[in-house]
Amino acid sequence: MRGLAFGLLWWILAEGRLDGWLLGGVAVAAATWTSLKLQPPGKLPMRLAGLVRFLRFFLWNSLRGGFQVAAMALRGRAALRPGIIELRVMLPPGEARILLVNALGLMPGTLGVDLNDTSLRLHVLDDSLPVVAETRALETSIAGLFGEAP
């Protein structure tokens with residue numbers, strides 16, 4: 001199944017052209033082999049329903065956050081209240097925490113600057129915004145993605 005998925009991805013990237021399949025075949029084989037080494041077959045690390053909810057949550061909040069940051073930029077420096085927020089991480093160590101930090105980095109106005117065993121330190125453009133509540137919502141969404149309880 002992974003090989004088919006990588007083959008489909010190559011076909012899309014090659015725009016359906018056949019002359020690139022010599023290189024594409026090597027790339028698909030290498031990607032499939034690497035994927036199997038990094039994530040052996042067995043239990044799926046993510047839940048499909050959780051993935052749909054996570055993508056919907058992430059896309060909506062990215063769009064909303066983009067407008068929020070644009071509005072702050074138009075209002076000038078007076079609209080910015082940068083700060084550092086530290087909060088306890090509820091997700092178990094591993095992929096879920098790493099995704100949390102990376103997803104926060106893609107959300108406008110928020111950047112994870114330190115993650116340890118129990119807490120996450122965030123740099124925010126405006127510390128008066130409900131960053132903690134939004135981070136908790138993201139954490140809950142990621143927990144659903146991995147089938148974990150935050």
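Quick note: structure is the one above.
Residues numbered from 1 in each chain as written. Predicted model: local features only at pLDDT ≥ 70, side-chain atom pairs only at ≥ 80, totals over all residues. Heavy atoms only, no water.

*Asks:* What should I look at first to understand the pairing of strand 2 (residues 110-115) in this one?
*Replies:* Side-chain direction in a regular strand flips from residue to residue, so the side chains alternate between the two faces of the sheet. Pairing of strand 2 with strand 3 (residues 119-124) involves five bridges; the strand directions are antiparallel. Bridged to Asp114 within strand 3 is Arg121. In textbook terms, the turn of a hairpin is the stretch between consecutive antiparallel strands, and for strand 2 and strand 3 this stretch comprises three residues. (Pairing = 2+ DSSP bridges. Helix = DSSP H or I, 4+ residues; strand = E, 2+ residues; numbered from the N terminus.)

*Asks:* Whenever I open this one, the side chain of Thr135 confuses me. Can you help?
*Replies:* With respect to the element layout, Thr135 can be found in helix 5 (residues 131-146). By relative accessible area, which is 2% here, Thr135 ends up buried. Filtering out sequence-adjacent residues up to four positions away, Thr135 remains in contact with Leu87, Leu100, Leu104 and Leu122. (Buried < 20%, exposed > 50% of the residue type's maximum accessible area, 1.4 Å probe, protein only. Contact = heavy atoms within 4.5 Å.)

*Asks:* Looking at this structure, how should I read the packing of helix 3 (residues 48-75) against helix 5?
*Replies:* For any two helices packed against each other, one specifies the crossing angle of their axes together with the interaxial distance. Following both chains from N to C, one finds helix 3 and helix 5 inclined at 155°, their axes separated by 7 Å at the closest point. Judged by the angle between their axes, helix 3 and helix 5 are roughly antiparallel. As helix 3 runs across helix 5, the sense of the crossing is left-handed. Side by side, helix 3 and helix 5 meet where Gly50, Leu51, Arg53, Phe54, Phe57 and Arg64 of the first sit next to Glu134, Ala137, Leu138, Ser141, Ile142, Gly144 and Leu145 of the second. (Axes fitted to C-alpha atoms, helices over the stretch in contact; angles between N-to-C directions. Parallel < 35°, antiparallel > 145°, perpendicular 65-115°, else oblique. Left-handed = near helix turned anticlockwise from the far one by under 90°.)

*Asks:* What am I meant to see in the packing of aromatic side chains here?
*Replies:* What characterises a pair of aromatic rings is the spacing of the ring centres plus the angle enclosed by the ring planes. Per the stated rule, a full pass over the model turns up one aromatic pair. Between Phe54 and Phe58, the ring centres sit 5.9 Å apart and the planes meet at 20°, which makes this aromatic pair stacked. Of this pair, Phe54 and Phe58 are both found in helix 3, four residues apart, which corresponds to roughly one turn of the helix. The exposure classification of Phe54 matches that of Phe58, with both residues buried. (Phe/Tyr/Trp six-rings, centres within 6.5 Å; stacked < 30°, edge-to-face > 60°.)

*Asks:* Quick question: what am I supposed to make of helix 1 (residues 2-13) here?
*Replies:* Because each turn of an α-helix spans 3.6 residues, side chains separated by three or four positions in sequence point in the same direction. With 12 residues, helix 1 should cover 16 Å at 1.5 Å per step; its first-to-last C-alpha distance of 16 Å lies within 8% of that length. Glu15 lies just past helix 1 and shows a positive phi near 55°. (Expected span 1.5 Å × (residues − 1).)

*Asks:* Would you take a moment to explain the sheet that holds strand 1 (residues 83-88) for this structure?
*Replies:* Within a sheet, each strand pairs with its neighbour through backbone hydrogen bonds, oriented either parallel or antiparallel. One open sheet holds the three strands; their spatial order is 1-3-2, and the pairing between them is antiparallel. With one partner strand each, in any of the chains shown, strand 1 and strand 2 form the two edges of the open sheet. Going from strand to strand, the sheet's axes swing by 30° on average, the running direction of each strand aside. In this structure, strand 1 lies alongside strand 3, joined through six bridges in antiparallel fashion. Within strand 3, the residue paired with Glu86 across the bridge is Arg121. The strands touched by helix 4 (residues 95-106) are strand 2 and strand 3; relative to strand 2, the strand with the most contacts, the crossing angle is about 145°. Lying on the sheet, helix 5 is in contact with strand 1 and strand 3; it crosses strand 1 at an angle near 45°.

*Asks:* What is the right way to look at helix 3 in this model?
*Replies:* Compared with an ideal rise of 1.5 Å per residue, which puts 28 residues at 40 Å, helix 3 spans 40 Å between its outermost C-alpha atoms and is within 8% of the ideal. Among the residues of helix 3, those classed as buried are Gly50, Phe54, Phe57, Phe58, Asn61, Ser62, Gly65 and Met72. For helix 3, the elements touching its buried residues are helix 4 and helix 5. In the segment just after helix 3, Gly76 is the residue with positive phi, at about 90°.

This is a description of form; function is not addressed.
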